[in-house]
Amino acid sequence: MVERYVLSIDQGTTSTRCILFDHRGRLVSVAQREHQQHFPRPGWVEHDALEIWRNLERIVPQALSSAEIAADEVAAIGIANQRETTVLWDPSTGVPLGRAIVWQDTRTAPLVERLRKDPGDEFFLDRCCLPPSTYFSAPRIRWLFDEVPGLEQRARDGELLFGTMETWLIWNLTGGVDGGLHITDATNASRTMLMNIHSLTWDQDLLDFFGVPRAMLPEIHASAENYGAARTILPGVRITAALGDQQAALFGQTCFSPGDAKCTYGTGSFLLLNTGSKMIRSRHGLLSTVAYKIDDQPAVYALEGSIAVTGSLVQWFRDRLGLISSAPEIETLALTVEDNGGCYIVPAFSGLFAPHWRSDARGVIVGLTSYITKGHLARAVLEATGWQTREVVDAMNADSSIGLKELKVDGGMTADNLLMQFIADVLDVPVVRPMVAETVSLGAAYAAGLASGYWPDLKVLRNNWHRAGQWLPDMDPGRREAEYENWQRAVERSIGWIRQPGAP
Amino acid sequence: MAGPLQSIERAAAILRLLAGGPRRLGLGEVAASLGLAKGTAHGILRTLQHVDFVEQDPATGKYQLGAALLHLGTSYLDVNELRSRSINWADALAARSGEAVRLGTPLEGQVLVVHHVFRPDDSLQTLDVGALLPLHASSLGKILLAYGAAPLEPLLKEELEAYTRHTLAVPEDLSRALAEVREQGWAAEVQEMSMGEAGVAAPIRSSGGLVVGAIGLSGPVERICDTRGRPQASLVTLLREAARAISRDLGAARW
């Protein structure tokens, strides 16, 4: 029998990666290519969608040839992608209209402010379960229509297509101008602010509100189903999965049961909790989102809490303060002292996010005395990530009543032993790291393999998951309580620092 | 034998020059002071900068001695950095070999475990990062001794602690075993620390080939070794591939 593989494409914010996995979920080969980040104005972030497509054309053959794998040995293709990034293109030429507007781009901030006042958060929460934010795609489409003359009319006339990155790549892979499929999946569509979170279809009220013509929108499909065969790069190979990157990581961590949760620790961190087929509307500042949908089975939902500043606080400590020369050294420095010495850092660099949502907050360092050394500061930096995780987990427990039993972790910061132990200590649950660090790519591969029959069911995927490391809680409950209280007092002190213009 | 290498003499002169003055020097000043062409001086300065012996001020472009020179005698690669740079390779090695993986660095006459990946069978295992192992009775330790990452002399003075009847407790036996390690490029430990357990290890090198740590597989002797009690060739191959991959990432050119 021919050994076959699943090919996973991770179209991320800084690079596009192509990874081949074998039947046991082990990484066989990797190829990747970065793309340029364009910052035309303060707060604007753009990508060239054509550059990303050309990168994909290069890295797929590279990944195959470096493992000496032929195209007919690829069982299926799965795609994970940066979420919410918006691209518009002309289907008759395949040429994008300007550069893609990236999820980090904040140009829609004034529009978002207006939407939050009128019609207000409730209008949106009722339909797509997202409060207006600069992250999401629909305000970007509106912004483009308002700024680029003639664009809205062209969209109405069917001369324009909208997509997030997976839509753009699938359209190109399946023929492009020559009949390419214009589709998205429910996880990506759930981040546009245009999809009804209950029916998983485009919501007419939202389309009318944003003035987005249905003709420009892709068809919403399951995250794992047979979309169709590629007609270029790997002609004949079926594309059978697409998921937003954080949802893919949840899938790759095999968080298939209600109550399963993962946190990806990077520059920022994303904690997702599987809430099963029940959509929970958060009352504690979290987002509700589609976790995945397999074929015609009911959709599975998740609560999501994002933490804006985690790894980037370590980078700040390295690059701006210069107290360490590489990020991992934060642990070395932190280990020069026994504890934080009474010092806490709240990294509210651009306000507090989930679960507080206070844009008037700014970062603080509290508890400074002449006793504090840079070692204590390094502790406080790592502990900030731990406590921010605790706040999101508390909010999730309050919303879902399932109660977190274990946290699966991935991302670069999982190499920091002290931090992982601290997270286990403050959450009072085991923290486990999987053997395959590439959970985003693995999740896309798993979904694709499942839909194509390469793997029979979720149970087999669960059996592929192995612990590479585990940290057990080992902190005195009294101390945990006292420290958490200190952290919360520190958070209070960060709030209200920025005065609104005209406020008393 | 060849005479003195001119480029090394020139590098030494540059370091002496930078150490002599109180202020930073520009490329032109360095070149003029030593009578070197600017291109030559620049090449040497860039190499010295690459090994952290020289630092360049980002604002003025001028050079001064690097912090690494002050710490020549101590380990220059942060152990947490080593873990961070090895983590993906160590995971892949555990997944492919089916065995537990550890990384070790020298610490005051012992081996410090700086990273540990569980055996991928989901059995109950405890993370033993921070644990200390004996240099002479672990495969990680033998690598550190064989390649000069940990000093051998203190171990040669007297009989070493015997953990089992297989432990190399006689200094001569240990020295002979270390020569063999250098010969074959990897180390084995078969029931030398505890009966029923075995391990293999390979060196992790940094730029210039300097050994900064060891990576090893360990587990029950019947899984690590073949029926003749020799480590399985397939495991050794996977191990050495992982060690070479990490070394390449750390800037070792030839491995």
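Keep in mind the model is a prediction, meaning the values are calculated, not measured.

*Asks:* Is there a simple way to explain the overall build of chain B in this structure?
*Replies:* Along chain B, the regular secondary structure elements total nine helices and eight strands. The principal-axis extent of the C-alpha atoms belonging to chain B is close to 65 × 40 × 30 Å. The buried share of chain B, reckoned over its 255 residues, is 40%. Restricting the contact set of chain B to residue pairs at least 6 apart, pairs at least 24 apart contribute 57%.

*Asks:* What is the right way to look at the overall build of chain A in this model?
*Replies:* When helices and strands are counted, chain A shows 15 helices and 22 strands. At 23 Å, chain A has a C-alpha radius of gyration in line with the 23 Å of a compact globule built from 504 residues. For chain A, the C-alpha atoms occupy an extent of roughly 70 × 65 × 40 Å along the three principal directions. Intrachain contacts of chain A at a sequence separation of at least 6 include 71% that bridge at least 24 residues.

*Asks:* Hey, could you run me through the pairing of strand E7 (residues 197-205) of chain B in this one?
*Replies:* Regular strands place side chains that alternate from one sheet face to the opposite one. Residues and elements named next belong to chain B. When you tally the buried positions in E7, you get eight out of nine residues, the bulk of the element. Between the antiparallel neighbours strand E6 (residues 187-190) and E7 lie six residues, among them Gln-191 with a positive phi of about 55 degrees. In this sheet, strand E8 (residues 211-220) lies alongside E7 in antiparallel orientation, the contact comprising nine bridges. What sits directly across from Ala-202, in E8, is Ile-215. Two successive antiparallel strands, E7 and E8, enclose a turn made up of five residues, where Gly-208 displays a positive phi of approximately 85 degrees.

*Asks:* Quick question: what am I supposed to make of the environment of A:Lys408 here?
*Replies:* Residues and elements named next belong to chain A. For Lys-408, the location among the structural elements is in strand E20 (residues 407-410). A count of 23 C-beta atoms within 10 Å places Lys-408 in the buried class. For the pair Lys-408 and Glu-159, spaced 249 residues apart in sequence, the C-alpha to C-alpha distance is 45 Å. Leaving out residues up to four positions away in the same chain, Lys-408 has contacts with Gln-253, Cys-255, Ala-261, Lys-262, Val-432 and Pro-434.

*Asks:* Looking at this structure, I do not really get the sheet that holds strand E16 (residues 287-292) of chain A. What am I missing?
*Replies:* Strand pairing in a sheet takes place through backbone hydrogen bonds and is either antiparallel or parallel in direction. Residues and elements named next belong to chain A. In space, the seven strands of this open sheet follow the order E16-E17-E15-E14-E20-E21-E22, with mixed pairing throughout. Here the strands that pair on one side only, and so sit at the sheet edges, are E16 and strand E22 (467-471). Neighbour-to-neighbour, the strand axes of this sheet turn through a mean angle of 30 degrees, independent of strand direction. As judged from the five bridges shared by strand E14 (residues 261-265) and strand E15 (residues 269-276), these two strands associate in the antiparallel manner. Bridging from a neighbouring strand, Thr-264 pairs with Phe-270 of E15. Here helix H11 (residues 374-400) sits on the sheet and contacts E14, E15 and strand E17 (300-307); the angle it forms with E17, its principal contact strand, is near 150 degrees.

*Asks:* What exactly am I supposed to notice about the UniProt feature "domain: HTH iclR-type" (unreviewed entry) in chain B here?
*Replies:* Feature annotation in UniProt assigns "domain: HTH iclR-type" (unreviewed entry) to the following positions: residues 5-67 of chain B. Across residues 5-67 of chain B one finds 59% helix and 10% strand; the C-alpha atoms that close the span lie 25 Å apart.

*Asks:* Got a minute to help me understand helix H9 (residues 233-249) of chain B in this structure?
*Replies:* Residue and element names in this part refer to chain B. Counted at 1.5 Å a residue, the expected span for H9 with its 17 residues is 24 Å, and the 24 Å between its end C-alpha atoms agrees. Taken as a whole, H9 has its buried residues at Leu-235, Val-236, Leu-238, Leu-239, Ala-242, Ala-243, Ile-246 and Ser-247. Residues of H9 that are buried in the fold lie against helix H5 (79-97), E7, E8 and helix H8 (221-224). Two residues or fewer after H9 comes Gly-251, characterised by a positive phi angle close to 100 degrees.

*Asks:* For this particular structure, what's the right way to read the domain arrangement of chain B?
*Replies:* When the parts of a complex come together, some accessible area is lost, and that lost area is often used as the size of the interface. In terms of domain boundaries, chain B breaks down into domain 1 (6-70) and domain 2 (79-249). Placing the centre of domain 1 of chain B and that of domain 2 of chain B at their C-alpha centroids yields a distance of 38 Å.

*Asks:* Any chance you could explain the sheet that holds strand E9 (residues 161-163) of chain A here in plain terms?
*Replies:* Ordered by their spatial adjacency, three strands build an open sheet running E7-E6-E9 (chain A), and the pairing between neighbours is antiparallel. With one partner strand each, in any of the chains shown, strand E7 (95-96) and E9 of chain A form the two edges of the open sheet.

*Asks:* Would you take a moment to explain the packing of H5(B) against H9(B) for this structure?
*Replies:* Helix-helix packing: each pair is described by the crossing angle between the helix axes and the interaxial distance. Residues and elements named next belong to chain B. Between H5 and H9, the least distance of the axes is 9 Å, while the angle of their chain directions is 170 degrees. Judged by the inter-axis angle, H5 sits roughly antiparallel to H9. Crossing angle aside, the handedness with which H5 passes H9 is right-handed. Across the interface between the two elements, Arg-85, Ser-86, Trp-89, Ala-90, Ala-92, Leu-93, Arg-96 and Ser-97 from H5 touch Leu-235, Leu-238, Leu-239, Ala-242, Ala-245, Ile-246 and Asp-249 from H9. Split by residue class, the contact of H5 with H9 holds 10 nonpolar, two polar and three charged.

*Asks:* Is there a simple way to explain the UniProt feature "binding site: ADP" (unreviewed entry) in chain A in this structure?
*Replies:* Residue and element names in this part refer to chain A. Annotation from UniProt places "binding site: ADP" (unreviewed entry) at Thr-13, Arg-17, Thr-267, Gly-311 and Gly-412. Within the element layout of this structure, Arg-17 appears in strand E2 (residues 15-21). The exposure class of Arg-17 is buried, given the 22 C-beta atoms found within 10 Å. With near-sequence residues (within four places) excluded, Arg-17 lies in contact with Asp-10, Gly-12, Val-30, Gln-32 and Ser-441. As for its position among the elements, Gly-412 is in the loop between E20 and helix H12 (417-427).

*Asks:* So what exactly am I meant to see when it comes to the interface of chain B and chain A here?
*Replies:* Opposite the 19 residues of chain B that make contact, chain A presents 18 residues. At the level of secondary structure, the elements contributing two or more residues to the side of chain B that touches chain A comprise H5 and strand E4 (110-117) of chain B. Classifying every residue of the side of chain B that touches chain A by side-chain character gives nine nonpolar, four polar and six charged.

*Asks:* Please explain the confidence of the model for chain B as it appears in this structure.
*Replies:* Detailed conclusions should not be drawn from predicted coordinates in areas where pLDDT is low. Model confidence for chain B is summarised by a mean pLDDT of 89, while 96% of its residues fall at 70 or above. Two numbers describe this predicted complex: its pTM, 0.83, and its ipTM, 0.76.

*Asks:* Help me understand the UniProt feature "binding site: ATP" (unreviewed entry) in chain A in this model?
*Replies:* Residues and elements named next belong to chain A. UniProt's entry tags Thr-13, Thr-14, Ser-15, Thr-267, Gly-311, Gln-315 and Gly-412 with the feature "binding site: ATP" (unreviewed entry), counted in the numbering of this structure. Inspection of the secondary structure puts Thr-267 in the loop between E14 and E15. With 17 C-beta atoms counted inside 10 Å, the residue Thr-267 sits in the partly exposed group. Beyond its immediate sequence surroundings of up to four residues, Thr-267 is in contact with Gly-311 and Ser-312. With respect to the secondary-structure elements, Gln-315 resides in helix H9 (residues 311-319). In this structure Gln-315 comes out as partly exposed when scored by C-beta crowding, with 14 C-beta atoms within 10 Å.

*Asks:* Would you mind showing me how to read the nonpolar core here?
*Replies:* The tendency in soluble globular proteins is for nonpolar side chains to be buried as a group. In this structure, A:Val381, A:Ala444, A:Ala447, B:Ile215 and B:Leu239 are the most contacted members of the largest nonpolar core, which totals 215 residues. Of the residues forming this core, the biggest block, 11 residues, is contributed by H11(A). Apart from residues lying up to four places away in sequence, B:Leu239 is in contact with B:Leu93, B:Trp186, B:Val200, B:Ala202, B:Ile215 and B:Leu217. Formed by 10 residues, the second largest nonpolar core is a distinct cluster that contains B:Ile14, B:Leu18, B:Val30 and B:Ala41.

*Asks:* What's the story with the pairing of E6(B) in this structure? I'm lost.
*Replies:* Relative to E7(B), E6(B) runs antiparallel, the two being bridged by four bridges. Directly across from B:Val190, in E7(B), lies its bridge partner B:Ala198.

*Asks:* Mind showing me how you'd approach the domain arrangement of chain A here?
*Replies:* Residue and element names in this part refer to chain A. Domain boundaries assigned for chain A yield domain 1 (5-236) and domain 2 (254-499). Distance between the C-alpha centres of domain 1 and domain 2: 26 Å. Contact residues are listed per partner, giving 31 residues for domain 1 and 27 residues for domain 2. At the level of secondary structure, the elements contributing two or more residues to the side of domain 1 that touches domain 2 comprise strand E1 (5-11), E2, strand E5 (74-81), helix H6 (186-189) and strand E12 (224-229). Among the elements that make up the side of domain 1 that touches domain 2, the one with the highest residue count is E5 (six residues). Its residues assigned to classes, the side of domain 1 that touches domain 2 shows 18 nonpolar, eight polar and five charged.

About the cut-offs
- Residues numbered from 1 in each chain as written.
- Chains lettered and ligands numbered in written order.
- Predicted model: local features only at pLDDT ≥ 70, side-chain atom pairs only at ≥ 80, totals over all residues.
- Helix = DSSP H or I, 4+ residues; strand = E, 2+ residues; numbered from the N terminus.
- Buried ≥ 20, exposed ≤ 12 C-beta atoms within 10 Å, placed from the backbone.
- Contact = placed C-beta atoms within 7 Å.
- Rg over C-alpha atoms; globule rule 2.2 N^0.38 Å.
- Pairing = 2+ DSSP bridges.
- Axes fitted to C-alpha atoms, helices over the stretch in contact; angles between N-to-C directions.
- UniProt positions renumbered as here; feature names shortened; annotations may be inferred.
- Expected span 1.5 Å × (residues − 1).
- Domains from an automatic or database assignment.
- Parallel < 35°, antiparallel > 145°, perpendicular 65-115°, else oblique.
- Left-handed = near helix turned anticlockwise from the far one by under 90°.
- Nonpolar A, V, L, I, M, F, W, Y, C, P; charged D, E, K, R; others polar.
- pLDDT = per-residue confidence, 0-100.
- Core = buried A, V, L, I, M, F, W, Y, C linked by C-beta atoms within 7 Å.

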